[in-house]
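Structure at a glance
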Amino acid sequence: GPKLRLRLRLRRRLRLKLRLTMSRRDELLAEARKKRLRWVTEAQDESAPMRGEKQLFDTEVARTLPSTRDVFGLVSMLVGELEGDAHFDLPEELLLLEDAPVPEYDGRRSHYAVFLDKLTHPRAGDVVMQLENFVKKFNINNLVGVREQLGGDMDEALDVRVTPVAAAVHSFVRQVCRGLRQHSVWGRESGAVFAETAESVEKFVVTKLYGQLFNPTAMQQEQDRQLLARLQTLSFLTPVHLDLPPALTEADFEAPVQLLRAVEAKRSPRDKVDCIVEMNRAVQEMIQRAKGEEVCLTLTPTLTLHPNPKTKRLFSSHQAQPSADDILPVLIYVVKLAAPPQLQSQLQFIQEFRHPDKLLSEAGYVLTCLLSAVHFLQTVRADQP
């Protein structure tokens, strides 16, 4: 009868409305994940080769179900090529694929690149929301909101060695890492791999907040200007003044000079430190090579007398690693040649935001040597013997 027909019509309308609602839900979910993709890929490594690289896929695999790593690797490449207003046109079934394969470290790409791919995995949405919430609340001039989010973690991170801003960053990174250890996307990582994941978390957070964290004060800017002007007045300084091995040539300094200049292009404290460490290793290789050449020239099997008779400094041809007395004069000349415009601010940034526990061993030693080289250049006088 009429009541039955009305009931059937209402039921059909309800089913249609339910289908439309589910479809709309999927559209909104896909759009949210597209925005998440854009936000995550904005933090790509500034030195990563993104533009113009094409990835090759096995056609049979690509036609069926590409791995998450390859799909999001392609997305990352497109973001780099299409600039900031890029639109993602990935099929929604890929964006909604909760059981998609989790990207793994395979040695072909950096840990950070794989970490970003893991953040784009559908099951990593909660982690991205946690990161995004912290970044949006973070205000370097008002840490109240951040302190509320971190709770007691920030108080535990406060230390005489770090500032409150650095403590907020360190404690948040530690908080995120605790959660990742239990997360389905990261939980199966080995200890060594997870240590790199923790570094990637720090790099991601600092990259997102770099505009606030690296913001030299007027005093720091003045210190940078004074150091740069000082280096210009020391243009007369030559390797002879520093008692450097005569076998060293200007070409030998190109690699360490470029590595020191590269510090300013990096954003994360670890990447900046890595540039300095690599610079120091290049310096050590220079010294060892120069020693070997001096030994051959002088035919002295154990000791080579430095040519400047005032210092009578000796270089041992059998020394496994150059000493600090060998390295410091070379570092001084490297800083003089490189003349980075923000060197003081960069070094202060590293000291503030690289966790003190990470500035031990080689990294801490190299940073100390570089600070000593800067101090020498700031205080040396032309009439100084």
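Looking only at helices and strands, the protein has 16 helices and two strands in total. Counting only residues that meet the buried cut, the protein has 43% of its 385 residues in that class. Contacts in the protein between residues at least 24 apart in sequence constitute 73% of all its contacts with a sequence separation of at least 6. Just so you have it, the protein exposes about 21000 Å², and 56% of that area is on carbon and sulfur atoms.

Following both chains from N to C, one finds helix 10 (residues 191–213) and helix 15 (residues 343–353) inclined at 130°, their axes separated by 13 Å at the closest point. Comparing their axes, helix 15 and helix 10 come out oblique. Once helix 10 is placed against helix 15, the crossing between them reads as right-handed. For the pair helix 10 and helix 15, the contacting residues are E202, V206, Y210 and L213 in the first and Q346, F349 and F353 in the second. Here the residues of the contact of helix 10 with helix 15 are counted per class, giving five nonpolar, one polar and one charged.

We now examine unusual backbone geometry. A positive phi is found at D243, a non-glycine position, where the angle reads about 60°. Following the sequence through the fold, D243 ends up in the loop between helix 11 (218–233) and helix 12 (254–261). Judged by its relative accessible area of 9%, D243 is buried.

Turning our eyes to something else, we now look at the packing of helix 15 against helix 16 (residues 361–379). Interaxial distance between helix 15 and helix 16 falls to 12 Å at its minimum, and their mutual angle equals 150°. The angle between the axes of helix 15 and helix 16 places the two elements in the roughly antiparallel class. The element helix 15 and its partner helix 16 pack so that their crossing is left-handed. Along its contact with helix 15, which presents L343, Q344, L347, I350 and Q351, the element helix 16 presents L367, L370, L371, V374 and Q378.

On the surface, a cluster of positive charge is made up of R5, R7, R9, R11, R12, R13 and R15. Following the sequence through the fold, R12 ends up in helix 1 (residues 2–41).

On to the nonpolar core, then. In terms of nonpolar packing, the biggest core is built from 44 residues, with F115, L119, L131, F138, F204, V205 and L213 touching the most fellow members. Broken down by secondary-structure element, the contributors of at least two residues to this core are helix 1, helix 5 (111–119), helix 6 (125–137), helix 7 (144–150), helix 9 (164–181), helix 10 and helix 15. With 10 residues, the single largest contributor to this core is helix 9. Counting 42 residues, the second-largest nonpolar core is a separate cluster that includes L234, L248, V273 and Y333.

A few words on the packing of aromatic side chains. Summed over all chains, the structure comprises 11 aromatic pairs. Look at Y210 and F214: their rings are 5.4 Å apart centre to centre, the planes differ by 10°, and that puts the pair in the stacked class. No difference in accessibility class separates Y210 from F214, as the two residues are buried. For F214, a relative accessible area of 13% puts it in the buried group. Through a chain of ring-to-ring contacts, the aromatic side chains of W39, Y112, F115, W186 and F204 assemble into a single cluster.

Moving on: the environment of V127. Residue position: V127 is located in helix 6. In this structure the C-alpha to C-alpha distance between V127 and L180, which are 53 residues apart in sequence, comes to 8.0 Å. Excluding anything up to four places from it in sequence, V127 contacts L119, L180, H183 and W186.

Glancing now at the confidence of the model for the protein. Per-residue confidence for the protein averages 77 on the pLDDT scale, and 70% of its residues sit at or above 70. Confidence over residues 297–318 falls short of pLDDT 50; this stretch has 39 contacts with residues more than four positions distant or in other chains.

Here we take up helix 5. Of all nine residues that make up helix 5, seven are buried, and the element is covered over most of its length. For helix 5, the set of buried residues is Y112, V114, F115, L116, D117, K118 and L119.

All right, on to the pattern of salt bridges then. One pass over the full model with this rule turns up 15 salt bridges. D117 serves as the salt-bridge partner of R109, at 2.8 Å between the closest nitrogen and oxygen. Of the charged contacts, one joins R225 and E222 as a salt bridge, the two residues approaching to 2.9 Å between their closest N and O atoms. Placement of the pair is R225 and E222 together in helix 11, with a separation of three residues, close to one helical turn. E222 sits in the partly exposed class, given a relative accessible area of 33%.

Within the secondary structure, K358 is located in the loop between helix 15 and helix 16. Distance in space between the C-alpha atoms of K358 and R270 is 8.7 Å, their sequence separation being 88 residues. Among residues more than four places away in sequence, those in contact with K358 are E199 and A363.

What counts, and where the lines are drawn
Residues numbered from 1 in each chain as written. Predicted model: local features only at pLDDT ≥ 70, side-chain atom pairs only at ≥ 80, totals over all residues. Heavy atoms only, no water. Helix = DSSP H or I, 4+ residues; strand = E, 2+ residues; numbered from the N terminus. Buried < 20%, exposed > 50% of the residue type's maximum accessible area, 1.4 Å probe, protein only. Contact = heavy atoms within 4.5 Å. Areas by Shrake-Rupley, 256 points an atom, 1.4 Å probe, with all protein chains shown as cover. Axes fitted to C-alpha atoms, helices over the stretch in contact; angles between N-to-C directions. Parallel < 35°, antiparallel > 145°, perpendicular 65-115°, else oblique. Left-handed = near helix turned anticlockwise from the far one by under 90°. Nonpolar A, V, L, I, M, F, W, Y, C, P; charged D, E, K, R; others polar. Patch = residues over 30% accessible without salt bridge, like charges linked within 9 Å, V, L, I, M, F, W, Y side chains within 5 Å. Salt bridge = Lys/Arg side-chain N within 4 Å of Asp/Glu carboxyl O. Lys, Arg positive; Asp, Glu negative; His and termini not counted. Charge placed at Lys NZ, Arg CZ, Asp CG, Glu CD. Core = buried A, V, L, I, M, F, W, Y, C linked by side-chain atoms within 4.5 Å. Phe/Tyr/Trp six-rings, centres within 6.5 Å; stacked < 30°, edge-to-face > 60°. pLDDT = per-residue confidence, 0-100.

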